[in-house]
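# Structural overview
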Amino acid sequence: MTTPVPLIEPLVIPGSLHGPGGERFIGFSDLCDAVQRGIWGNDDFCLDPERRLEAYRHDDYEERHVFLARSDGRLVGCAVLDVPLADNLSTCYLDILVHPGHRRQGVAKVLHATAENHVRRLGRTVIMGWSEMRLPAIPDPEVLVPGSGAGGYPKHSAAASFALSEEYDLAQVDRISLLPPSTAGLPAHDTDGADGYGMVFWENRVPDGLIDRYAVLRRFMSTDAPLGDFVLEEEVWDAERIRADEERHVAGGGLSLVCAAVEKGSGALVGHTVLHSSRKAPFVAYQEDTLVLRGHRGHRLGYRMKAPNLRRLRDEWPAVERLYTWNAAENSFMLAVNVELGFRPVGATAGWQKKLR
Ligand SMILES: CC(C)(COP(=O)(O)OP(=O)(O)OC[C@H]1O[C@@H](n2cnc3c(N)ncnc32)[C@H](O)[C@@H]1OP(=O)(O)O)[C@@H](O)C(=O)NCCC(=O)NCCS
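Residues numbered from 1 in each chain as written. Predicted model: local features only at pLDDT ≥ 70, side-chain atom pairs only at ≥ 80, totals over all residues. Heavy atoms only, no water.

## A closer look at the overall build of the chain
Scanning the chain for helices and strands turns up eight helices and 14 strands. At 21 Å, the chain has a C-alpha radius of gyration in line with the 21 Å of a compact globule built from 357 residues. Overall, the chain is about 70 × 50 × 40 Å in size when its C-alpha atoms are taken along their principal axes. Every one of the 357 residues in the chain was classed for burial, and the buried ones make up 50%. Long-range pairs, those at least 24 residues apart, make up 70% of the contacts in the chain between residues at least 6 apart in sequence. In the form shown here, the chain has an accessible surface area of approximately 16700 Å², with 54% of it arising from carbon and sulfur atoms. In the chain, 40 positive and 49 negative side-chain charges are present, and the distance between their average locations comes to 3 Å. (Helix = DSSP H or I, 4+ residues; strand = E, 2+ residues; numbered from the N terminus. Rg over C-alpha atoms; globule rule 2.2 N^0.38 Å. Buried < 20%, exposed > 50% of the residue type's maximum accessible area, 1.4 Å probe, protein only. Contact = heavy atoms within 4.5 Å. Areas by Shrake-Rupley, 256 points an atom, 1.4 Å probe, with all protein chains shown as cover. Lys, Arg positive; Asp, Glu negative; His and termini not counted. Charge placed at Lys NZ, Arg CZ, Asp CG, Glu CD.)

What follows is the structure, encoded as structure tokens:
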């Protein structure tokens with residue numbers, strides 16, 4: 001018996017989960033969760049459909065195009081294209097997910113062909129994507145190493161085999177680390193102000209008086225973290241984009257705690273660190289962006305921002321049991337700070353890139 005070729009159809013992002021198209025979106029969201037559970041064995045990377053819907057709404061900065069694969073009427077896979085609209089206009093991000101019960105039947109191959117054609121129609125020339133793996137990896141005698149020479153990813157894993165078969169290059173490897181907040185190694189006292197730097201804190205919404213200075217940090221975040229072989233340009237960030245980003249996060253039930261470092265003499269913001277969690281999944285949090293501007297490195301500001309923000313997490317989000325973070329394998333300074341705080345490796349992310357000819 002031959003496996004039927006899956007049928008591919010676009011998913012229209014609905015206005016709400018309760019109106020037309022809502023049920024289809026929930027089916028798509030359940031599929032994404034099934035793939036995440038297959039990788040992690042828990043719900044730490046699942047998203048409830050309300051939150052996913054907020055993240056998928058088009059805005060002035062990016063739009064999402066989703067294709068669904070059906071086999072015998074059942075939803076078996078999806079391709080999600082994330083298309084930046086304000087910068088990086090030659091690129092887009094592609095995620096292909098196939099239900100664990102329907103693998104090795106050519107579903108990803110058909111989805112990829114559809115998505116790549118769509119990318120060409122949009123006039124984009126670079127496709128990027130990520131795959132995640134939980135440790136311990138299945139032993140693989142062959143490991144792919146990116147151009148930086150840092151980190152590795154099993155060559156015969158499903159994701160690597162698939163990416164290589166579609167002519168992607170391994171552009172970067174990230175370490176995924178985990179910290180149960182109750183075990184964090186935090187100092188008894190902060191060293192705030194000792195050498196001309198102070199800390200400011202906010203939740204969810206940056207104060208109006210700091211927003212333009214925060215926009216500078218968001219802009220540099222897009223180029224100052226190690227980028228491996230990815231062909232990324234600086235992102236355009238201003239007050240309007242920050243507010244749109246914050247509103248989208250909060251509308252989906254998201255929560256954030258931000259700490260920024262201030263140079264006291266000039267009042268400039270010179271670094272920041274962000275923690276995310278959500279009302280619907282208060283047991284898990286994510287250590288997101290951390291940046292110290294180049295001229296201000298060497299003062300342990302990374303640690304001095306992260307440690308008090310972690311203390312806030314323990315006080316304000318006491319239900320968080322697991323805190324995850326991602327760092328480029330070549331980012332030795334940030335990795336050292338995270339190890340000092342108590343983070344331990346639990347997985348790896350491979351960053352894939354294909355330049356269309
Ligand atoms: C990677 C993934 C999308 C592959 O989906 P799939 O539908 O099983 O893939 P296909 O059946 O279309 O396989 C296409 C080609 O990929 C390669 N491949 C896929 N899975 C493989 C595996 N487990 N071992 C070896 N090669 C594999 C093969 O070259 C295959 O061609 P072949 O069957 O003619 O040999 C799926 O395993 C998945 O959803 N993984 C979790 C999410 C993820 O990592 N996404 C990929 C981001 S790059």
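## A closer look at the site of the ligand
Not every one of the 19 residues close to the ligand is listed here, only the nearest: Ile96, Val98, Arg104, Gly106 and Lys109. Separating a nitrogen atom of the ligand from a backbone N or O atom of isoleucine 96 is a distance of 2.8 Å. Burial of the ligand by the surrounding chains reaches 78%, relative to a free accessible area of 920 Å². When residues in the shell around the ligand are grouped by element, the largest group, five residues, is from helix α4 (residues 158-165). Across the shell around the ligand, the residue classes break down as eleven nonpolar, five polar and three charged. (Near = heavy atom within 4 Å. Polar contact = N/O pair within 3.5 Å; in protein donor to acceptor, adjacent residues only side chain to side chain. Nonpolar A, V, L, I, M, F, W, Y, C, P; charged D, E, K, R; others polar.)

## Topic: the packing of helix α5 (residues 211-224) against helix α6 (residues 239-251)
Angle between the axes and distance between the axes: these two values describe a pair of packed helices. At a minimum axis separation of 9 Å, α5 and α6 run at an interaxial angle of 85°. One element, α5, and the other, α6, form an angle in the roughly perpendicular class. In this structure, α5 uses Ile211, Asp212, Tyr214, Ala215 and Arg218 to contact α6, whose residues at the interface are Ala239, Ile242, Arg243 and Asp245. Looking at the contact of α5 with α6, its residues break down into five nonpolar, no polar and four charged. (Axes fitted to C-alpha atoms, helices over the stretch in contact; angles between N-to-C directions. Parallel < 35°, antiparallel > 145°, perpendicular 65-115°, else oblique.)

## Here we look at the packing of helix α7 (residues 301-316) against helix α8 (residues 332-341)
For the pair α7 and α8, interaxial distance at closest approach is 10 Å and the crossing angle is 35°. As for how α7 packs across α8, the hand of that crossing is right-handed. Listed contacts from α8 to Gly302, Tyr303, Lys306, Ala307 and Leu310 of α7 are Met334, Val337, Asn338, Glu340 and Leu341. The class makeup of the residues in the contact of α7 with α8 is six nonpolar, two polar and two charged. (Left-handed = near helix turned anticlockwise from the far one by under 90°.)

## Some remarks on the environment of cysteine 32
As for its placement among the helices and strands, cysteine 32 is situated in helix α1 (residues 22-40). Residue classification places cysteine 32 among the buried positions, given a relative accessible area of 4%. Along the backbone, cysteine 32 and isoleucine 176 are 144 residues apart, and their C-alpha atoms lie at a distance of 19 Å. Discounting residues that sit within four places of it in the chain, cysteine 32 has contacts with Arg52, Cys78 and Leu97.

## Quick word on the domain arrangement of the chain
For the chain, the domain assignment lists domain 1 (7-174) and domain 2 (181-320). Look at where the C-alpha atoms of domain 1 and domain 2 centre, and you get two points 27 Å apart. Roughly 2100 Å² of surface becomes buried between domain 1 and domain 2 when both sides are summed, with 51% attributable to carbon and sulfur atoms. Contact with domain 2 buries surface across domain 1, with Arg51, Tyr61 and Asn88 losing the most and accounting together for 29% of the total. (Domains from an automatic or database assignment. Buried area = accessible area lost by both parts, 1.4 Å probe.)

## Looking at the sheet that holds strand β2 (residues 62-71)
Spatially, the twelve strands line up as an open sheet ordered β1-β2-β3-β4-β5-β14-β8-β13-β12-β11-β10-β9, and their pairing is mixed. Edge positions in the sheet fall to β1 (7-11) and β9 (197-203), since each has one partner strand and no second. In this sheet, adjacent strand axes meet at a mean angle of 25° when their direction is disregarded. Two elements, strand β11 (residues 269-278) and strand β12 (residues 284-292), share five bridges in a ladder whose sense is antiparallel. (Pairing = 2+ DSSP bridges.)

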